[in-house]
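The chain contents come next:
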Amino acid sequence: MNAPISSVSRAEQPGKQIKEKASFANAARNYSMLAAVAVVWIAFEYATNGVFLGPRNLSNLMRQMAVTGVLSVGMLMVIVIGEIDLSVGSLVGLTGMTAALVQASRGWSLVPTLLAALVLGLVIGALQGSLTAYARVPSFIVTLGGLLAWRGVTKGVSAGGTIPIQSERFSAIGQWYLDKPVGIALVGVGIAALAASEWLKRRTRNRLGLANASPARQIANVAVPSAFAVVLVAVLNAYEGVPVPVVIFVVVALFGSFVMMNTIPGRYMYAVGGNREAARLSGINTKTLAIAVFGVMGVLAGLAGVIYTARVGSASPDAGLLLELDAIAACVIGGASLMGGRGA
């Protein structure tokens, strides 16, 4: 009995070492990115004589990056399945212009306006996904055409002019802030939810007889993001409070993380990106999945268009220009592979 056990142990050693090396490489890469960001922030802080890391500037930066953040959640899904979407910047401009036009010309209220932007994004995203999945046109070509076409449509429907936002409730989506006690309460709820999630994960793995991370690591998994959230909210509260666009982005990011890491469609995305043919042969409907992913990307582009338009207070024909590059860069810097199958 001893010989087989020892031989199995020896056989498992190389696999374990490979996993440990891969984990170390990923951690090193992530920490190197954080170190690079820290260096850039310190340089800007020095160059601006302490203005860059001030509460007002950080609040403005967070509001601006919320648009890119929302787009990057959808873009990550597209990249993970091995595709690309170059049309999202133009789609942001088109959906934002649509929202402004239905308010200006038809007097629509907030909810129908939001639905118009989101549904338009969904339809266009699903259309591009269908061309990629069923017509087998590479997504690079389909969405590159979309980049040009939707920008042209935006210029056409607006006659090349800028449409101001007339609804104060619509502008609130991009310009208002949460009351400071509300921001603090949300952080408390988030920390409690994170702690409960880690506890349930540990309990489930113990019940299934699976190995668990050390208690110290699980405490760190809760303590580090919690400390970051507390500091962030404290800094934002030192100005006007947590911006509404940041709250929307955090909700979208949590939703995207849950879908990709804890649902069957999310695991299918990684399987398709890792080996599309093997995924198809194992029973995954790769075409339907591609359409769904591009549809989600379209909805998030519509949401980003609403946030962008609300933040600047008007819709212009050039809105969203080059945002697709920002979204792709955010995914790649965050660890996604343009070959598909990897990213979080």
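Predicted model only: the values in this text are computed from it and were never measured.

Before going further, it helps to spend a moment on the overall build of the chain. Tallying secondary structure elements over the chain gives 13 helices and 2 strands in all. Relative to the globule expectation of 20 Å for 344 residues, the C-alpha radius of gyration of the chain, 22 Å, shows essentially globular dimensions. Taken along the three principal axes of its C-alpha coordinates, the chain extends 80 × 55 × 40 Å. Burial statistics for the chain: of 344 residues in total, 38% are counted as buried. Nonlocal contacts in the chain, meaning residues at least 24 apart in sequence, comprise 81% of its contacts between residues at least 6 apart.

In this structure, the second largest pocket occupies an estimated 230 Å³ of space. Along its surface, the second largest pocket is lined by Glu 83, Thr 132, Ala 133, Arg 136, Arg 276, Glu 277, Arg 280, Thr 286, Lys 287 and Ala 290. Among the elements of the structure, α4 (110-133), α11 (276-281) and α12 (286-312) are those that each provide at least two residues to the lining of the second largest pocket. Tallied by class, the residues present in the lining of the second largest pocket amount to 2 nonpolar, 2 polar and 6 charged.

The next subject is the confidence of the model for the chain. Reading predicted coordinates in detail is not appropriate for stretches of low pLDDT. With 91% of its residues at a pLDDT of at least 70, the chain reaches an overall mean of 87. Across residues 5-9, where pLDDT falls below 50, the model places 0 contacts with residues more than four positions away in sequence or in other chains.

Bringing the nonpolar core into the picture now. The biggest cluster of nonpolar side chains holds 60 residues, and the ones touching the most others in it are Leu 71, Met 75 and Met 269. In terms of residue count, the dominant contributor to this core is α12 (12 residues). Those residues within four positions of Met 269 in sequence are excluded, and the remaining contacts are Met 77, Val 80, Ile 81, Val 259, Met 260, Leu 289 and Val 293.

Conventions adopted
- Residues numbered from 1 in each chain as written.
- Predicted model: local features only at pLDDT ≥ 70, side-chain atom pairs only at ≥ 80, totals over all residues.
- Heavy atoms only, no water.
- Helix = DSSP H or I, 4+ residues; strand = E, 2+ residues; numbered from the N terminus.
- Rg over C-alpha atoms; globule rule 2.2 N^0.38 Å.
- Buried < 20%, exposed > 50% of the residue type's maximum accessible area, 1.4 Å probe, protein only.
- Contact = heavy atoms within 4.5 Å.
- 1 Å grid on protein atoms, 1.4 Å probe; cavity = no way out; pocket = protein on both sides within 12 Å on 5 of 7 lines; lining within 4 Å.
- Points joined across faces, edges and corners; volume = space filled by probe spheres on them.
- Nonpolar A, V, L, I, M, F, W, Y, C, P; charged D, E, K, R; others polar.
- pLDDT = per-residue confidence, 0-100.
- Core = buried A, V, L, I, M, F, W, Y, C linked by side-chain atoms within 4.5 Å.

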